[in-house]
Amino acid sequence: MGQKDLTGSEKSKIVRYLAEGCSSLKIAKLLKRDHRTIKRFIQNSQQGRKKRVEKPRRKITAHELRKVKRAAAKMPLGTSLAIFQSCNITGVPKSTRCAILRDMAKVRKAERRPPLNKTHKLKCQDWAKKYLKTDFSKVLWTDEMRVSLDGPDGWARGWIGKGQRAPVRLIRQQGGGGVLVWAGIIKDELVGPFRVEDGVKLNSQSYCQFLEDTFFKQWYRKKSASFKKNMIFMQDNAPSHASKYSTAWLARKGIKEEKLMTWPPCSPDLNPIENLWSIIKCEIYKEGKQYTSLNSVWEAVVAAARNVDGEQIKTLTESMDGRLLSVLAKKGGYIGR
């Protein structure tokens, strides 16, 4: 009997038996097959696939190549087919199109940034001028972050050794939910993180109550009078933060006027705590880590936050002078993170 006579089920069994340490002779006896058939299948399997022979590319002229280059620059997110069609170049297979494009470009994700119009840019410049001489070691930078069970993208990829199977990732509808986390950084100190109660939507009232139960009772009240006098509280322009209710409530707590930092619209790149969130997410989702419960992902956030040392936080808060200068240099434009 030849190798082709082996059924798919038999081939699967051979692989399983080999993994269990069985010899080819024992497998032949278990499957009641000729020993030579089993050995031939194992030998052919171990040889792997034959090396692919590269076929010569369909040649395109230098003029066509220049057209493709211009089209790729105009269509940065276009497919290879769309780029070539825009140049009226037909009959080129996908493998050849991609090979040609790889010589002049590489696949990258589109950058994500907030929509900044002229008014936004002017407000960013005004903000930078206003706080240019501020002592940023006295500013408390705050923000919320939502963490899910599966990570920011819900998927992961990495290097898998030959002969190894890719690890299994759980599939959940709607990502399995997430945890909303609030924290702050000032000078070289991390405030929090604090967990927003599951199911609570942060409106003005719940946001203020949350600050009362966490930030004010657990951290702020322990500070000296001189610290409270000099501290500047920063929050972004989320509706629950910037509402009249929240502003009045913070004023009653003594955080008003110059002690409450005004914030330019659409400017997450200016808030150093966003970099802290990136550090924490890289830690809790490293190697494609997934979580099975909201409590487990929260515990991971707490552990990752504890590992962020004061020097890392100080580096972030001391970057503010450079960020303000970048805003002015770019005339209120996006500066990145």
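Presented here is a report on the structure given in the accompanying data block. (Residues numbered from 1 in each chain as written. Predicted model: local features only at pLDDT ≥ 70, side-chain atom pairs only at ≥ 80, totals over all residues. Heavy atoms only, no water.)

**Quick look at unusual backbone geometry**
For residues other than glycine, phi is negative in most cases, and the peptide bonds are mostly trans.
Piece 1. For the bond running from G192 to P193, omega is 0 degrees, close enough to zero to count as cis.
Piece 2. Here P193 shows up in strand β3 (residues 189-195).
Piece 3. Not every positive phi belongs to a glycine, and K32 is a case in point at roughly 60 degrees.
Piece 4. Examined against the element boundaries, K32 turns out to sit in the loop between α2 (24-31) and α3 (35-47).
Piece 5. Positive phi, close to 50 degrees, is recorded for E257, a residue that is not glycine.
Piece 6. Within the element layout of this structure, E257 appears in the loop between α11 (244-252) and α12 (273-284).
Piece 7. Classification of E257 by relative accessible area gives exposed; the value is 68%. (Helix = DSSP H or I, 4+ residues; strand = E, 2+ residues; numbered from the N terminus. Buried < 20%, exposed > 50% of the residue type's maximum accessible area, 1.4 Å probe, protein only.)

**Section: the packing of aromatic side chains**
Geometry of an aromatic ring pair is reported as the spacing of the ring centres plus the angle between the planes.
Piece 1. Summed over all chains, the structure comprises 15 aromatic pairs.
Piece 2. When the centroid spacing of 5.7 Å and the interplanar angle of 50 degrees are considered together, the rings of F215 and F233 count as tilted. Pair noted here: F215 is in helix α8 (residues 204-218) and F233 is in strand β4 (residues 232-234), with a separation of 18 residues, a long-range link. Of the two residues, F215 and F233, neither departs from the other in class, the shared state being buried.
Piece 3. Between F216 and W249, the ring centres sit 5.5 Å apart and the planes meet at 80 degrees, which makes this aromatic pair edge-to-face. One end of the pair, F216, is in helix α8; the other, W249, is in helix α11, and 33 residues separate them in sequence. Here F216 and W249 have matching classes, each one buried.
Piece 4. Of the aromatic side chains, those joined through ring pairs into one cluster are W182, F194, F210, F215, F216, W219, Y220, F227, F233 and W249.
Piece 5. It is K253 that lies over the ring of F216; its NZ or CZ is 5.1 Å from the centre.
Piece 6. One residue, K289, lies across the ring of Y291, its end atom 5.4 Å from the ring centre. (Phe/Tyr/Trp six-rings, centres within 6.5 Å; stacked < 30°, edge-to-face > 60°. Lys NZ or Arg CZ within 6 Å of the ring centre and 35° of its normal.)

**Details of the nonpolar core**
Piece 1. Formed by 40 residues in total, the largest nonpolar core has its most connected members in W127, W141, V147, M261, I280 and I284.
Piece 2. When residues of this core are traced back to their parent elements, those giving at least two are α7 (118-130), β1 (139-148), β2 (178-186), β4, α12, α13 (294-306), α14 (310-317) and α15 (320-329).
Piece 3. If sequence neighbours within four positions are ignored, I284 has contacts with V147, K289, Y291, A300, V301 and A304.
Piece 4. Of all hydrophobic cores here, the second largest spans 22 residues; its members include L140, V191, F215 and W249. (Core = buried A, V, L, I, M, F, W, Y, C linked by side-chain atoms within 4.5 Å. Contact = heavy atoms within 4.5 Å.)

**Details of the sheet that holds β4**
Piece 1. One open sheet holds the four strands; their spatial order is β3-β2-β1-β4, and the pairing between them is mixed. The sheet is open, and its two edges are formed by β3 and β4, each paired on a single side. Each neighbouring strand pair of the sheet contributes to a mean axis angle of 20 degrees, computed without reference to strand direction.
Piece 2. Direction of pairing for β1 relative to β4: parallel, over a ladder of three bridges. Considered in β4, the bridge of L140 is made with F233. (Pairing = 2+ DSSP bridges. Axes fitted to C-alpha atoms, helices over the stretch in contact; angles between N-to-C directions.)

**As for the packing of helix α1 (residues 8-19) against α2**
Piece 1. Taken N-terminus to C-terminus, the directions of α1 and α2 make an angle of 140 degrees; their axes are 10 Å apart at the nearest point. The pairing of α1 with α2 is recorded here as oblique in orientation. For the pair α1 and α2, the crossing hand works out as right-handed. Seen from α1, the contacting residues are E10, K13, I14, Y17 and L18; seen from α2, they are I27, L30 and L31.
Piece 2. Of the residues assigned to the contact of α1 with α2, the class counts are six nonpolar, no polar and two charged. (Parallel < 35°, antiparallel > 145°, perpendicular 65-115°, else oblique. Left-handed = near helix turned anticlockwise from the far one by under 90°. Nonpolar A, V, L, I, M, F, W, Y, C, P; charged D, E, K, R; others polar.)

**Description of α11**
Piece 1. When α11 is considered as a whole, its buried residues turn out to be S246, W249 and L250. Buried residues of α11 fall within an arc of 95 degrees about the axis and therefore sit on the same side. The exposed residues of α11 that point more than 90 degrees off its buried face are K244 and R252.
Piece 2. Residues of α11 that are buried in the fold lie against α8, β4 and α10 (239-242).
Piece 3. G254 lies just past α11 and shows a positive phi near 95 degrees. (Arc of directions from axis to C-beta.)

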